[in-house]
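Examining the three-dimensional arrangement
In case you want the letters, here they are:
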Amino acid sequence: MREQMTKFVRIDPDGGRAAVTRSVAVEAPVAIEINGIGYAVMMATPDELVDFAHGFVWSERLVDAADEILSVDHDPSGQGHRLRVQIAPTRTDRLLERFRHRMSDSSCGICGIENLEQAMRPLPVVPTGRLIDDAAIFRALTALRERQPLNATTGAVHAAACCGADGGIVAVREDVGRHNAFDKLIGAMLRAGETWVDGFALLSSRCSYELVEKAALSGCPTLVTISAPTSLAVERAKAAGIRLIVLARPDAVLSPT
């Protein structure tokens, strides 16, 4: 279930009150087990979770090829959802090493020299893609709104879209978390054997460095976000050879120089 109806009290400027009911996006804990190891618990929209698992494993750099993700089992429960992922045995050492680093993460972020080095690992340089026409970006921005049904009813979720070179939207995934939405999209593309080719990613969020990293790891040459970037996002995009388009609006876009 992606949404549920919830009762509210509407308060008007003049002090008037009225009972209203509106749709609210569902947010639920999703536990991810990889080869029997409890790896992470994410808060996510419980929809298209098999796509999410594939994209999450890829973004964590646990595999190098889509066929190294052997299976994903989705087990819904009363308290949330559990994703049991099996990856190739040849990637077990990488899984255990990454799990060890995650276990030493603090609640405020990543601490310690060893973890900082892990956080700032070099990104692959993305092959230069086709230079996207400005018109294609504006076309995708216009089309994205119609491809966000959950956000249309709840106003509370992000979208990640795969767009063709002409600005046509190929696929969209939604989630309460901007990282989750992008992982779902990447996972869907992996499962379908699709690549960015000469297209681009369009995200309905600010551009954080984590999203740039996901773009680089998925081979995305152009990343467009509706809101602003962080300084680290700009730096990481330049290092990975990603063309970054930010503050994308129907009337203007910005491209860091």
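Source: prediction; values computed, not measured. Think of each chain on its own: its residues are numbered from 1, step by step along the sequence as written. For a predicted model such as this one, the threshold for reporting local features is a pLDDT of at least 70, and the threshold for listing and counting side-chain atom pairs is 80 or more; totals across whole chains, interfaces and linings nevertheless cover every residue. Side-chain figures throughout are based on the complete set of non-hydrogen atoms in the structure, without hydrogens or water.

Remarks on the sheet that holds strand β3 (residues 28-34)
What counts here: One requirement defines pairing of two strands: DSSP has to find at least two bridges between them. The numbering of helices and of strands both runs from the N terminus, where a helix is a DSSP run of H or I of at least 4 residues and a strand a run of E of at least 2. Orientation is described by axes fitted as lines to C-alpha atoms, over the contacting stretch for helices, and by angles from 0 to 180 degrees between their N-to-C directions. In what follows, residue pairs with any heavy atoms lying within 4.5 Å of each other are defined as contacts.
Spatially, β4-β3-β6-β5 is the arrangement adopted by the 4 strands of the open sheet, whose pairing is mixed. Of all strands in the sheet, those with a lone pairing partner are β4 (37-44) and β5 (69-76), marking the two edges. Neighbour to neighbour, the strand axes of the sheet diverge by 20° on average, direction disregarded. When β3 meets strand β6 (residues 81-87), the two strands line up parallel, connected through 5 bridges. Residue pairing across strands places I32 opposite L83, the latter belonging to β6. Contacting β3, β4, β5 and β6, helix α1 (residues 49-59) crosses the sheet at an angle of about 50° to β6.

Quick word on the pairing of strand β11 (residues 243-249)
Each regular strand carries side chains that alternate between the two faces of the sheet. Using the following cut-off: With the strands pointing away from the viewer, any crossover whose connection runs clockwise from the first strand over the helix to the second is right-handed.
Two elements, strand β10 (residues 222-225) and β11, share 3 bridges in a ladder whose sense is parallel. Across the sheet, residue V224 finds its bridge partner in β11, namely I245. Crossover β10 to β11 through helix α8 (residues 231-240) is right-handed. With 2 bridges joining them, β11 and strand β12 (residues 252-254) adopt antiparallel strand pairing. Looking at β12, one finds that R249 is bridged to A252. As consecutive antiparallel partners, β11 and β12 are separated by 2 residues.

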